[in-house]
Amino acid sequence: MTLKDKRIEWKARYDAWKESGLSVAEWCRNQEIKIHQMYYWVQRFENSGNGANTMARRPSRRRNHSS
């Protein structure tokens, strides 16, 4: 399974969980999915901005603190 395939699969799971109204733990128990895996993908999707490009990484911004 490619990374793109995994992203598609986990995005579908993420959307199903969001629509369910259940807690992550409860939804994972019902779906027989490992909770730590779900939390990993929840973090990826929520930190990427609505899952538009879920694997994109934001560039870090370094500030020059020398005055």
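The structure displayed is predicted, hence computed values, not measured ones.

## Comments concerning the pattern of salt bridges
- Counting across every chain of the model gives 3 salt bridges.
- Taking the shortest distance from any N to any O, the salt bridge between Arg13 and Glu9 comes out at 2.6 Å. Linking Arg13 with Glu9, this pair stays in helix H1 (residues 3-20), spanning 4 residues, or about one helical turn.
- With relative accessibility at 28%, the residue Glu9 sits in the partly exposed group.
- Glu46 serves as the salt-bridge partner of Lys18, at 3.7 Å between the closest nitrogen and oxygen. A residue pair is termed long-range when its members are at least 10 positions apart, and Lys18 in helix H1 and Glu46 in helix H3 (residues 35-47) qualify at 28 residues.
- Assessed through its relative accessible area of 47%, Lys18 is described here as partly exposed.
- Relative accessible area serves as the criterion here: at 42%, Glu46 is assigned to the partly exposed category.

## Re the confidence of the model for the protein
- Model confidence for the protein is summarised by a mean pLDDT of 82, while 73% of its residues fall at 70 or above.
- Model confidence for the protein, summarised as mean pLDDT per element, is weakest for H3 at 95 and strongest for helix H2 (residues 24-31) at 97.

Reading the values: rules and limits
- Residues numbered from 1 in each chain as written.
- Predicted model: local features only at pLDDT ≥ 70, side-chain atom pairs only at ≥ 80, totals over all residues.
- Heavy atoms only, no water.
- Salt bridge = Lys/Arg side-chain N within 4 Å of Asp/Glu carboxyl O.
- Helix = DSSP H or I, 4+ residues; strand = E, 2+ residues; numbered from the N terminus.
- Buried < 20%, exposed > 50% of the residue type's maximum accessible area, 1.4 Å probe, protein only.
- pLDDT = per-residue confidence, 0-100.

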